[in-house]
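Single-letter residue listing:
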Amino acid sequence: MGIRVIGQKKFEVTETELLQQDLLFYIDNPRVYSVLHENGHDNPTQTEIEEIMCSLDHVKSLKSQIMQNGGLIEPLIVVKRKDRYVVLEGNSRLAAYRILAKNDPLKWSRVLVQILPEDISDSDIFTLLGTFHLNPKKDWSKFEQAAYIYRQKKELGCSDSALGKQVGISAITVKKYCEIYGLMVEHNDTHQSHWNMYEQYVQNKGIKQYRNTYPEMDSFFAKQVKTGEIVRAQDVRDILGKIASDEGKSSTHIMQDYIKGDIDLEEAHARFEATGRSGDNYEKVKKFQRLISEKDFCDELKKEAVGNSKDILFSLRKINTAVTQLMKEIDKKK
């Protein structure tokens, strides 16, 4: 017998070897769950889970590592359910063992496990897996982490702060993950490869303003992602996000036409480029305009310029002269 600490609780565990044929994949493990749903399996059998898991590249790499080590270094963590044991932690390693057993059933028939008590709660299981994969190890992808947190929040019904505290991540991260994954679920698009596009879409401040004004925008965006009209997160950030963040009237019209479906992202980009507001020089000028228009900033400049800071007054005069000269030259060319 041994002790495993989960959260602030101590659980007695038994470390032993079990026949791997008596072990079941844990369908709610994020790595298993996301792979299955990516392949369209809502109610998979254990055989289907094994086939999909054994086809993954990282499982094949684990197989080689286990073979070189002559077995597992870290035991699988399991809990008994009826007459079988469910693998809560170590599903990829179980899949690797299954591959090895096909070539040498006798050598790889038994696997090292750590058995948790049968009465362990779902909340404690969440804390256990979160401790392994959300913080500090973080070997699940953001999508896998978000999917797990989202499902657990719905099942446990606790707040973002309480949920985050259980596994050592911030309430802000919990909220962000649930918002992004929730949007994917709402539009029936839980493909892991689409995560980065939805992440950029939800987090962009400019896009958020339009989402608040035009609720139908989410459905239109999700449709474009699912049909392949949008394929890169970079395009969501650098094209859609930039247009949405621009304050010009022309950009507003472009966004409105895009949301209505009158133009696609490519045409929206072309129209935005034609305005001349997408380049680096425009961004620099816009930043300067925003800075010099801030009341608090200007008030501070006035105080320092009127006081003893001759350098600030000198620089402001130089800026005024340079801008006046630039405008004269632009007017001549017009």
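Residues numbered from 1 in each chain as written. Predicted model: local features only at pLDDT ≥ 70, side-chain atom pairs only at ≥ 80, totals over all residues. Heavy atoms only, no water.

- In the annotation of an unreviewed UniProt entry, the protein is listed under the name ParB N-terminal domain-containing protein and assigned to Blautia aquisgranensis.

**Section: the packing of helix 3 (residues 57–69) against helix 4 (residues 91–103)**
Axis angle and axis distance: for two packed helices, these are the angle between their axes and the distance between the axes, and together they describe the pair.
And then number 1: The geometry of helix 3 relative to helix 4 is characterised by a closest axis approach of 8 Å and an angle of 70 degrees between their N-to-C directions. Between helix 3 and helix 4, the angle falls in the class roughly perpendicular. Our pair here, helix 3 against helix 4, has a crossing hand that is right-handed. The segment helix 3 lies against helix 4, with H58, V59, L62, K63, I66 and M67 engaging S92, R93, A95, A96, Y97, I99 and L100. (Axes fitted to C-alpha atoms, helices over the stretch in contact; angles between N-to-C directions. Helix = DSSP H or I, 4+ residues; strand = E, 2+ residues; numbered from the N terminus. Parallel < 35°, antiparallel > 145°, perpendicular 65-115°, else oblique. Left-handed = near helix turned anticlockwise from the far one by under 90°. Contact = heavy atoms within 4.5 Å.)

**Looking at the pattern of salt bridges**
And then number 1: Under the counting rule described, the total for this entry stands at 14 salt bridges.
And then number 2: Two residues, D160 and K153, come together in a salt bridge whose shortest N-O distance is 2.5 Å.
And then number 3: With relative accessibility at 18%, the residue D160 sits in the buried group.
And then number 4: For K153, a relative accessible area of 27% corresponds to the partly exposed category.
And then number 5: The partner of D257 in a salt bridge is K260, with the nearest N and O atoms 3.7 Å apart. (Salt bridge = Lys/Arg side-chain N within 4 Å of Asp/Glu carboxyl O. Buried < 20%, exposed > 50% of the residue type's maximum accessible area, 1.4 Å probe, protein only.)

**Thoughts on a negative patch on the surface**
And then number 1: Among the surface-exposed residues, E229, D264, E266 and E267 lie close enough to one another that they form a single negatively charged patch.
And then number 2: You can call E229 partly exposed: its relative accessible area is 48%. (Patch = residues over 30% accessible without salt bridge, like charges linked within 9 Å, V, L, I, M, F, W, Y side chains within 5 Å. Areas by Shrake-Rupley, 256 points an atom, 1.4 Å probe, with all protein chains shown as cover. Lys, Arg positive; Asp, Glu negative; His and termini not counted. Charge placed at Lys NZ, Arg CZ, Asp CG, Glu CD.)

**Here's the deal with the packing of helix 9 (residues 195–203) against helix 11 (residues 217–227)**
And then number 1: Two numbers describe how helix 9 lies on helix 11: the axes approach to 11 Å, and their chain directions differ by 155 degrees. With respect to helix 11, the axis of helix 9 lies roughly antiparallel. Considering how the two elements wind past one another, helix 9 and helix 11 form a crossing that is right-handed. On the side of helix 9, the interface is formed by M197, Y198 and Y201, while helix 11 contributes M217, D218, F221, A222 and V225.

**A short note on the nonpolar core**
And then number 1: Formed by 62 residues in total, the largest nonpolar core has its most connected members in L88, Y201, F221, L240 and Y258.
And then number 2: Top element by residues in this core is helix 8 (residues 171–186). It accounts for 7 residues.
And then number 3: Sequence-distant contacts of L88, defined by excluding residues within four places in its chain, comprise Y26, N29, I77, V78, V79, L116, I125, L128 and L129.
And then number 4: Grouped together as the second largest cluster of nonpolar side chains are 30 residues, L23, V32, I52 and I99 included. (Core = buried A, V, L, I, M, F, W, Y, C linked by side-chain atoms within 4.5 Å.)

**As for the pairing of strand 6 (residues 110–116)**
And then number 1: Burial runs high along strand 6: 5 of the 7 residues are buried.
And then number 2: The pairing of strand 2 (residues 9–19) with strand 6 spans 6 bridges and is classified as antiparallel. If you follow E17 over to strand 6, its bridge partner there is L112.
And then number 3: Here 4 bridges tie strand 4 (residues 76–81) to strand 6, and the two strands are oriented parallel to one another. Directly across from V79, in strand 6, lies its bridge partner L116. (Pairing = 2+ DSSP bridges.)

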